[in-house]
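So the chains spell out like this:
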Amino acid sequence: RDLENTRTSIDKLEDVIVDIRKVFNELAKSSVMDAEECRKCMWRHSCSGACRLQTYATYGTYSHASPYCSIYKQCLPDVIRIYAMAIYFQYKAKEV
């Protein structure tokens, strides 16, 4: 009986591994350019379509913009500005 339960557990684990491989293979093939909204977006190379797994969980496809796309579009300019300021101040500190 224990051997039978172990075999059943191993079979279930193998099924889970096969499912995970399928997801990772699909994810590896997906691109920010798969989503029409992303192809047109100026931030597409900064966010790279955001979390593809979240997009899949929300829409059932990788070929869709992130459910948080509007948030990223609002935040990215500030993130880039802050990063640029940090670089600037590091550069200025080296001049002194």
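From a predicted model like this one, the values you see are computed outputs, not experimental measurements. (Residues numbered from 1 in each chain as written. Predicted model: local features only at pLDDT ≥ 70, side-chain atom pairs only at ≥ 80, totals over all residues. Heavy atoms only, no water.)

With respect to the overall build of the protein chain
So, point 1. Each helix and strand counted, the protein chain has five helices and zero strands in total.
So, point 2. Going from N to C terminus, the protein chain has its helices and strands arranged as α-α-α-α-α.
So, point 3. When the backbone C-alpha atoms are referred to their principal axes, the protein chain occupies close to 75 × 35 × 20 Å.
So, point 4. A buried classification covers 15% of the 96 residues belonging to the protein chain. (Helix = DSSP H or I, 4+ residues; strand = E, 2+ residues; numbered from the N terminus. Buried < 20%, exposed > 50% of the residue type's maximum accessible area, 1.4 Å probe, protein only.)

Description of the environment of Cys41
So, point 1. Note that Cys41 resides in the loop between helix 2 (36-39) and helix 3 (44-47).
So, point 2. It is 9.1 Å that separates the C-alpha atoms of Cys41 and Lys73, two residues lying 32 residues apart in sequence.

As for unusual backbone geometry
So, point 1. Backbone geometry places Ser48, a non-glycine residue, at a positive phi of 55°.
So, point 2. Here Ser48 is to be found in the loop between helix 3 and helix 4 (52-59).
So, point 3. One non-glycine residue, Ala50, adopts positive backbone phi at about 60°.
So, point 4. Tracing the chain through its elements places Ala50 in the loop between helix 3 and helix 4.

Some thoughts on the confidence of the model for the protein chain
So, point 1. Confidence in the prediction of the protein chain, expressed as mean pLDDT, is 89, and 97% of residues score 70 or more.
So, point 2. The least confident element of the protein chain, judged by mean pLDDT, is helix 1 (residues 2-29) at 83; the most confident is helix 5 (residues 69-95) at 94. (pLDDT = per-residue confidence, 0-100.)

Considering the packing of aromatic side chains
So, point 1. For the structure on display, the rule yields two aromatic pairs.
So, point 2. Here the aromatic rings of Tyr88 and Phe89 are separated by 5.3 Å at their centres, their planes lie at 70°, and the arrangement is edge-to-face.
So, point 3. In this structure Tyr88 comes out as partly exposed when scored by relative accessible area, which is 45%. (Phe/Tyr/Trp six-rings, centres within 6.5 Å; stacked < 30°, edge-to-face > 60°.)

Some points on a nonpolar patch on the surface
So, point 1. A surface patch of nonpolar side chains, amounting to about 450 Å² of accessible area, comprises Leu13, Val16, Ile17, Ile20 and Phe24.
So, point 2. Along the polypeptide, Val16 turns up in helix 1. (Patch = residues over 30% accessible without salt bridge, like charges linked within 9 Å, V, L, I, M, F, W, Y side chains within 5 Å. Areas by Shrake-Rupley, 256 points an atom, 1.4 Å probe, with all protein chains shown as cover. Salt bridge = Lys/Arg side-chain N within 4 Å of Asp/Glu carboxyl O.)

Quick notes on the state of the cysteines
So, point 1. The tally for this structure, following the rule as stated, stands at zero disulfides.
So, point 2. Of all cysteine sulfurs, the one in Cys47 lies closest to Cys51, which takes part in no disulfide; the gap is 11 Å.
So, point 3. This cysteine, Cys75, is not joined by any disulfide, and Cys69 carries the nearest cysteine sulfur, 11 Å off. (Disulfide = S-S within 2.5 Å.)

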